[in-house]
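For reference, the chains in residue letters:
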Amino acid sequence: FNKSPAQFKPKISAANPGEDWIVVRPLQRSDYDKGFLQLLSQLTSVGNITRYQFDERFTKMKQSGGYYVTVIEDTRISKLIGAATLTIEQKFIHNCSVRGRLEDVVVNDTYRGKQLGKLIVVTVSLLAQELGCYKMSLDCKDKLIKFYETLGYKLEPGNSNAMNMRF
Ligand code: 16G
C-alpha cells in the first residue's frame, strides 16, 4: 500500500464507526435472516438461494480459508447495510506471498452520507495488509474509480486491465 494505515486517518474506523448502532463484524450464519442476500442483490444478480445453500457455501468458505466476508449491521433493526469480501490468493511469487482481492462491496443505498463505503473498504484493506498481502486488487465500474482512488487504490496503466470470460 502506498498509504500507511496511519495516513488513512479516517474519522471513522471499525472500532469507532461513527454511530453506536453501526457494527462492523465478520459474516455469521444467522445473517441469512438479516438481509445479507437482499443486500448483495443491490450489487448484482444473486438468485434464489435457500438457507441450505447459504449454509453449505458458508461452510465451504470456512473450511477452505482465505475468505473474509465482512459486514456492517444496523443493530437497531438487525439488518445488514453493508458488506465487502477479502479473498486471499496463495502465491509462489514475491517469496511465496499472498494477494488480496476486494470483492462484492455493497452499501445499502438508503444509508448514503455516512461514509459506510469508506468504512468497510478501509477496514477490509487494513485486514489484507495485516494478513501479509503484498497487494490488494479490485475491479470496479468507471464511476467508482475516484472513490477507490481517495482510499489509496491506483490505476496501473498498461499493467492491470480487467478482462473477463463470462460463462
Ligand atoms: C464488481 C465487484 C465485484 C463483483 C462484481 C459483480 C467490487 C470492488 N467489485 O466488479 O467484486 O463480484 O461487481 O458483478 O466490489 P458481475 O455480476 O457482473 O460479475
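All of these numbers come straight from a predicted model, not from anything done at the bench.

Focus on the sheet that holds strand β5 (residues 133–137)
The strand order across the open sheet built from five strands is β1-β2-β3-β4-β5, with neighbouring strands paired in mixed fashion. Since the sheet does not close on itself, it has two edges, and those belong to β1 (22–26) and β5, each with one partner. For this sheet, the mean angle separating the axes of adjacent strands, direction not counted, is 20 degrees. As paired strands, strand β4 (residues 98–107) and β5 are joined by four bridges and run parallel to one another. In the strand pairing of β5, R101 is matched with S137. The sheet strands contacting helix α5 (residues 116–130) are β1, β2 (67–74), β3 (79–90), β4 and β5, and the helix crosses β3 at an angle near 25 degrees.

What about the pattern of salt bridges?
For the structure on display, the rule yields nine salt bridges. As a salt-bridge pair, D31 and R25 come within 2.7 Å of each other at their nearest N and O atoms. There is no split in this pair, since D31 and R25 are both buried. Between R101 and E89 there is a salt bridge; the shortest N-O distance is 2.5 Å. You can see R101 sitting in strand β4 and its partner E89 sitting in strand β3, a full 12 residues away along the chain. Look at the salt bridges and you will find they share partners, linking R25, D31, K34 and E73 into a network.

How each quantity is defined
Residues numbered from 1 in each chain as written. Predicted model: local features only at pLDDT ≥ 70, side-chain atom pairs only at ≥ 80, totals over all residues. Heavy atoms only, no water. Pairing = 2+ DSSP bridges. Helix = DSSP H or I, 4+ residues; strand = E, 2+ residues; numbered from the N terminus. Axes fitted to C-alpha atoms, helices over the stretch in contact; angles between N-to-C directions. Contact = heavy atoms within 4.5 Å. Salt bridge = Lys/Arg side-chain N within 4 Å of Asp/Glu carboxyl O. Buried < 20%, exposed > 50% of the residue type's maximum accessible area, 1.4 Å probe, protein only.

These figures come from the coordinates and say nothing about function on their own.
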